[in-house]
Amino acid sequence: MLKKLDELIEIAQQKKKRRLAVAAAGDTAVLQAVKRAVENEIIIPILIGNQENIEKFAGDIGFDLTNITIYNQPDSKDASRKAVSLIRQGEADIVMKGVVSTAPLLKAVLDKEYGLRKGGTLSHFALIESPHYHKLFGVTDAAMNIAPEFQEKVDMVNNAVEIFHGLGNPEPKVAIIGPLEVVNPRIEATAHAAMLSKMNERGQIKKCLIDGPFAIDNAVSKRAAEQKGISGEVAGDADILMTPELNSGNVLYKTLMFLGGSTSAAIIMGARAPIVLTSRADTEKSKMMSIALAAAM
């Protein structure tokens, strides 16, 4: 059971160094995170972007670029396409977003001919360290899927479960979150939760334990679950929280960060390679831990 995000670095250090292709890398905060990842010996960086800016910002933070590959691609769209092409060519293992908007990077990733599609749904996953919970837990989806259909939710669960398998948890506990803990046919999220739970029970979604619907308190508090008479292995001990749609996922994530004192590591799953897609508002530690998460899993 992982309790601290710093443990991701230890896991990644036990594995082969991953090659990280950074699209539009000319940014101090991004380069600072990459520098820390290099110092912790978990990645080999490949920097793509305006070479003059990359070298300037790297010099400002004391990041030695000797023996580091740099591709001079001043246009952020070209830089995104180059990062994706390195994955396709087997020359990189992870893509990271630099100073490029999310849309052009994902456009390159999702390109039907030259991108990294696998056929399923791409989804955002955040691994959270909270001072109010006894272990690390995941939240999906806080950034990508606006109003996922049922099959997309199946893909989102599988993407999140894959991460936990990569981190050494063979059977993560998945709580499907809704506004209440009983099925109400008028509330689609609760019906979806029941369907996901039944699919898991019948072996259609494997290598995890799924239960729901859960109101958020019953998923993370044994005491709250017991007070409402909710039993089961997932209740009060969830590893993964799957929210109904983007509104609730984003609000939960940002509330945890800005009011709950939490720290996160976040990646996009469902493509041929993990995608480190951080926000400019994320801390340098969060960016670094996102790299560590991609390298560890």
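The structure under discussion appears in the preceding block.
The notes below deal with the structure included here. Everything quoted here is computed from the prediction, not taken from an experiment.

Considerations on the overall build of the chain
Looking only at helices and strands, the chain has eleven helices and eleven strands in total. On C-alpha atoms alone, the chain measures out to a radius of gyration of 19 Å, which is about the 19 Å that the 2.2 N^0.38 rule sets for 297 residues. Along the three orthogonal principal directions, the C-alpha set of the chain runs to about 60 × 40 × 30 Å. Burial status across the chain gives 54% buried among its 297 residues. For the chain, restricting intrachain contacts to residue pairs at least 6 apart in sequence, the fraction spanning at least 24 positions comes to 70%. Surface accessibility of the chain: about 13,500 Å² in total, with carbon and sulfur atoms responsible for 48%.

Some thoughts on the pattern of salt bridges
Under the definition given, this model contains eleven salt bridges. A salt bridge links Lys-228 to Glu-181; the nearest nitrogen and oxygen atoms lie 3.4 Å apart. Of the two residues, Lys-228 is situated in the loop between helix H9 (222-227) and strand S9 (240-242) and Glu-181 in the loop between strand S7 (173-177) and helix H7 (188-201); the sequence distance between them amounts to 47 residues.

Some thoughts on the environment of Ala-143
Summarising the element assignment, Ala-143 is placed in the loop between strand S6 (137-140) and helix H6 (150-166). A C-alpha to C-alpha distance of 8.5 Å links Ala-143 and Phe-125, two positions 18 residues apart in sequence. Once you skip the residues sitting within four places of it in the chain, Ala-143 turns out to touch His-124 and Leu-246.

What to know about the packing of helix H2 (residues 28-39) against helix H11 (residues 284-296)
Two numbers describe how H2 lies on H11: the axes approach to 8 Å, and their chain directions differ by 50°. Compared by their axis directions, H2 and H11 come out oblique. Seen from above, H2 lies across H11 with right-handed handedness. Within the contact between the two elements, H2 uses Ala-29, Val-30, Gln-32, Ala-33, Val-34, Arg-36 and Ala-37 and H11 uses Glu-284, Lys-285, Lys-287, Met-288 and Ile-291.

Considering the nonpolar core
Soluble globular proteins: nonpolar side chains tend toward being buried together. Of all hydrophobic cores here, the largest spans 58 residues; its most connected members are Val-34, Leu-127, Ile-291 and Leu-293. Residues Ala-79, Val-84, Ala-92 and Val-109 belong to the second largest nonpolar core, which totals 22 residues.

Section: H11
Structurally, the α-helix is built with 3.6 residues per turn, so residues lying three or four positions apart point the same way. Taking 1.5 Å per residue as the helical rise, H11 with its 13 residues ought to reach 18 Å, and the 18 Å between its terminal C-alpha atoms agrees with that figure. Judged by how many residues are buried, H11 sits mostly within the fold: eleven of 13 residues are covered. Every buried residue of H11 is listed here: Ser-286, Lys-287, Met-288, Met-289, Ser-290, Ile-291, Ala-292, Leu-293, Ala-294, Ala-295 and Ala-296.

Describing the side chain of Ser-123
Relative to the helices and strands, Ser-123 resides in strand S5 (residues 123-129). Beyond its immediate stretch of four places on either side in the chain, Ser-123 contacts Thr-140, Asp-141, Met-144, Asn-145, Met-156, Asn-159, Ile-267, Ile-268 and Met-269.

Examining unusual backbone geometry
Excluding glycine, most residues fall at negative phi; most peptide bonds, likewise, are trans. Cis rather than trans, the peptide bond between Thr-140 and Asp-141 has omega equal to 15°. Turning to its location among the elements, Asp-141 is positioned in the loop between S6 and H6. For the bond from Gly-212 to Pro-213, the omega torsion is 10°, close enough to zero to count as cis. Relative to the assigned elements, Pro-213 resides in strand S8 (residues 209-214). Located in the positive-phi region is Ala-24, a residue other than glycine, with phi close to 60°. Positive phi, normally seen in glycine, also occurs at Glu-41, with a value near 60°. Examined against the element boundaries, Glu-41 turns out to sit in the loop between H2 and strand S2 (43-49). The class of Glu-41 is exposed, set by a relative accessible area of 53%.

Rules and cut-offs
Residues numbered from 1 in each chain as written. Predicted model: local features only at pLDDT ≥ 70, side-chain atom pairs only at ≥ 80, totals over all residues. Heavy atoms only, no water. Helix = DSSP H or I, 4+ residues; strand = E, 2+ residues; numbered from the N terminus. Rg over C-alpha atoms; globule rule 2.2 N^0.38 Å. Buried < 20%, exposed > 50% of the residue type's maximum accessible area, 1.4 Å probe, protein only. Contact = heavy atoms within 4.5 Å. Areas by Shrake-Rupley, 256 points an atom, 1.4 Å probe, with all protein chains shown as cover. Salt bridge = Lys/Arg side-chain N within 4 Å of Asp/Glu carboxyl O. Axes fitted to C-alpha atoms, helices over the stretch in contact; angles between N-to-C directions. Parallel < 35°, antiparallel > 145°, perpendicular 65-115°, else oblique. Left-handed = near helix turned anticlockwise from the far one by under 90°. Core = buried A, V, L, I, M, F, W, Y, C linked by side-chain atoms within 4.5 Å. Expected span 1.5 Å × (residues − 1).

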